[in-house]
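So the chains spell out like this:
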Amino acid sequence: MSRNDLVELAKRRGYFFQSAGAYGGVSGFYTYGPQGATLKQNVENTWRERFQVREGHREIDAPTVMPEPVFEASGHLDTFDDMLVECPECGESHRADHLIEDNTDIEEAEALPIDEVEALIADHDLVCPNCGTELAGESVDDFNLMFETNIGPGDSSPGYLRPETAQGIFVEFPQLAEYARNQLPFGITQIGKAYRNEISPRNSLIRTREFTQAELEHFIDPNEDEPDIEKVADVELKLYPADAQEEDGTEYVYKTVEEAVEEGVVHEWVAYYLGVGKQWYESIGVDMDRFRFRQHLAGERAHYAADCWDAEGEIDGDWYELAGFAYRSDYDLSKHDEYSDDDFTVFKQYDEPKVVERATVEPDMSYLGPEFGGDAGAVADELEKLAERDRAAFDSEEVTVEVDGDEYAVPTEKTGFGVEEQKETGEHVMPHVVEPSIGVDRAVYTTLIHAYEEDEVEGESRKRLALEPEVAPTFVGVFPLMEKDGMGETAREITDDLRAAGFDVTYDDSGNIGRRYRRQDEVGTPFCVTVDYESLEEETVTLRERDSTEQVRVPIADLPDLLGDLRTGETTFAELDAPAPEQ
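Residues numbered from 1 in each chain as written. Predicted model: local features only at pLDDT ≥ 70, side-chain atom pairs only at ≥ 80, totals over all residues. Heavy atoms only, no water.

**Q** Tell me about the nonpolar core, residues and numbers included.
**A** If you look at the biggest cluster of nonpolar residues, it comprises 62 residues, and the most contacted ones within it are Tyr15 and Tyr281. With 9 residues, helix 11 (residues 268-283) is the single largest residue contributor to this core. Those residues within four positions of Tyr281 in sequence are excluded, and the remaining contacts are Val286, Met288, Phe291, Ala311, Leu322, Ala323, Ile438 and Ala443. Core analysis: the second largest hydrophobic core is formed by 21 residues, Phe475, Val531, Leu543 and Leu562 among them. (Core = buried A, V, L, I, M, F, W, Y, C linked by side-chain atoms within 4.5 Å. Buried < 20%, exposed > 50% of the residue type's maximum accessible area, 1.4 Å probe, protein only. Helix = DSSP H or I, 4+ residues; strand = E, 2+ residues; numbered from the N terminus. Contact = heavy atoms within 4.5 Å.)

**Q** Help me get a handle on helix 11, residues and values and all.
**A** Because an α-helix packs 3.6 residues into every turn, residues spaced three or four apart end up facing the same way. In this model helix 11 runs 23 Å from its N-terminal to its C-terminal C-alpha over 16 residues, within 8% of the 22 Å that 1.5 Å per residue would give. Among the 16 residues of helix 11, 12 are classified as buried, and the element is accordingly described as predominantly covered. Looking at helix 11, one finds that the buried residues are Trp269, Val270, Ala271, Tyr272, Tyr273, Leu274, Gly275, Val276, Gly277, Lys278, Trp280 and Tyr281. Directly beyond the C-terminal end of helix 11, a positive phi value near 105° is found at Gly285. (Expected span 1.5 Å × (residues − 1).)

**Q** Got a sec to walk through the sheet that holds strand 7 (residues 140-144)? Specific residues and values, please.
**A** In space, the 3 strands of this open sheet follow the order 6-5-7, with antiparallel pairing throughout. The two strands at the open ends of the sheet, each matched to only one other strand, are strand 6 (93-95) and strand 7. Neighbouring strand axes in the sheet, compared pairwise and without regard to direction, differ in orientation by 45° on average. Bridge count for strand 5 (residues 81-86) against strand 7 is 5 bridges, and the pairing is antiparallel. Bridge pairing in strand 7 places Asp82 opposite Phe143. Its contacts with the sheet place helix 5 (residues 96-103) against strand 5, strand 6 and strand 7, and it is angled at close to 65° to strand 6. (Pairing = 2+ DSSP bridges. Axes fitted to C-alpha atoms, helices over the stretch in contact; angles between N-to-C directions.)

**Q** Any details on the pattern of salt bridges? Residues and values, ideally.
**A** Scanning the entire structure with this criterion turns up 40 salt bridges. Here Glu198 and Arg207 are joined by a salt bridge, their closest N and O atoms 3.4 Å apart. In this structure Glu198 comes out as buried when scored by relative accessible area, which is 6%. One salt bridge in this structure joins Lys385 and Glu382, with 3.6 Å as the shortest N-O distance. Here the residue Lys385 and the residue Glu382 both occupy positions in helix 14 (residues 376-389), the gap between them amounting to 3 residues, near one helical turn. Classification of Lys385 by relative accessible area gives partly exposed; the value is 45%. Bridged by salt links that share partners, the residues Glu453, Asp455, Arg462, Arg464, Asp521, Arg544, Arg546 and Asp547 form one connected network. (Salt bridge = Lys/Arg side-chain N within 4 Å of Asp/Glu carboxyl O.)

**Q** Hey, could you go over the pairing of strand 22 (residues 452-457) for me, with residue numbers and the actual values?
**A** For strand 22 and strand 23 (residues 460-465), the ladder comprises 6 bridges, and the chain directions are antiparallel. Of the residues in strand 23, the one forming a bridge with Glu456 is Ser461. The loop that links strand 22 with its antiparallel partner strand 23 comprises 2 residues; one of these, Glu458, has a positive phi angle of about 50°.

As structure tokens, then:
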């Protein structure tokens, strides 16, 4: 199935379509139709169950608008950029690295420096996709992707639509740590909207300006906490490490989670969540033959990530990012600790108090004041920090510290340096963060395109979405064979009963039964129930499975329980049609 085929099917069957079509549409924004909204919700619910409930984490819901200081601390104001090149003729803006990837054999051009990107545009004679004008010699510039807004009227405060849901978790860490009784490890999840002012949105749900993220921030003590690898030890991972990419090859490394950790291929915490992630993607119907984990190259790694692997899906030979699994170390919490007025550490109590030696300084301010003037206080602060990290610096007659790029030499005798024994009952720990970040819209897109199949039934071609029952937006269709002799009334009663039992049900009495089956096959409905004359006499119905088109007769009274077992996987359709075992 091509991307264009999916876009056409999605619009026709109510999955998704470009927003504001009545006004010409707006690039990078999509509306989910009745089928798509339910599919998206089902995908989110399965994510919650796997990444939150089963892992023992908790969820929050933070605002989508946040004040500017949050993004100063996080680094997004300075580093959250893409490379933009503008056509000198038509004025169309393009993402420079995408132009290179689309028109050359070069992959991951995002990791390249700007001057190299400019050279590649010239070397390959790349032109504007809109009007064909040559782009050689045009400057490539950093473009910050955040949407800016104002908070409040009048002298309002600058703010931004969040470019990721993660910051809403990080800035609330002091309060969230209290809820966790200051006990590490603990995890916080969030599913919500994020916004990025993409230079050139494309590929429908793959690159949009408004999208939904499902993120987990798992806070750990890096010196003590280890993942329970046994839970996912045997999950096999298809890995594409950085060194393989740098050799211009496509040689994959196949390792179980346990092997990847033991051999040092992947950080243990990242490997754990790669295992969880693969299980989840497989459960929602992503084709594992078109799925891999690719390690970020050094140049493309986000400013906060010590290491990162992307889950990627494949369509027609092209790979695209589905999720990022990053080890963010203590970058985020240390930055907010530095910029804010709160404490972003966790105090860990010792089993027994410890006596430790601590270096201290009590600078002679009567010397520092006249000597360094307004910088005296900053010099004193730097002396204190230096004593904590490097006592040996005070062994000589003079100590040198740096303040705002200037060096200040202080006689050691004026620093008041000393070493004292202190009794400590615990220590403050700056947690590290492990982050699985899932693009929900991309998961929906991949689930749809990987589920699309064409076959032949009774000599006729058929299109179907082989969606997993757990995520299918309509679980069962109910049809009267004909709208006569009470079949319609019985079918509507069954519909009401199944809806009351919690199933997404569609009722259809339009057209012949074969055509109704085909409609539900194409929309992805796993099962169909048909009421016929035998239903009126025997109180049974025909239950049809989408993929095999096989049919069995089942009692009407058993339908809710039977369909529930089919949805959870406790029963398979093949078992319904199997002969009863001999007694």
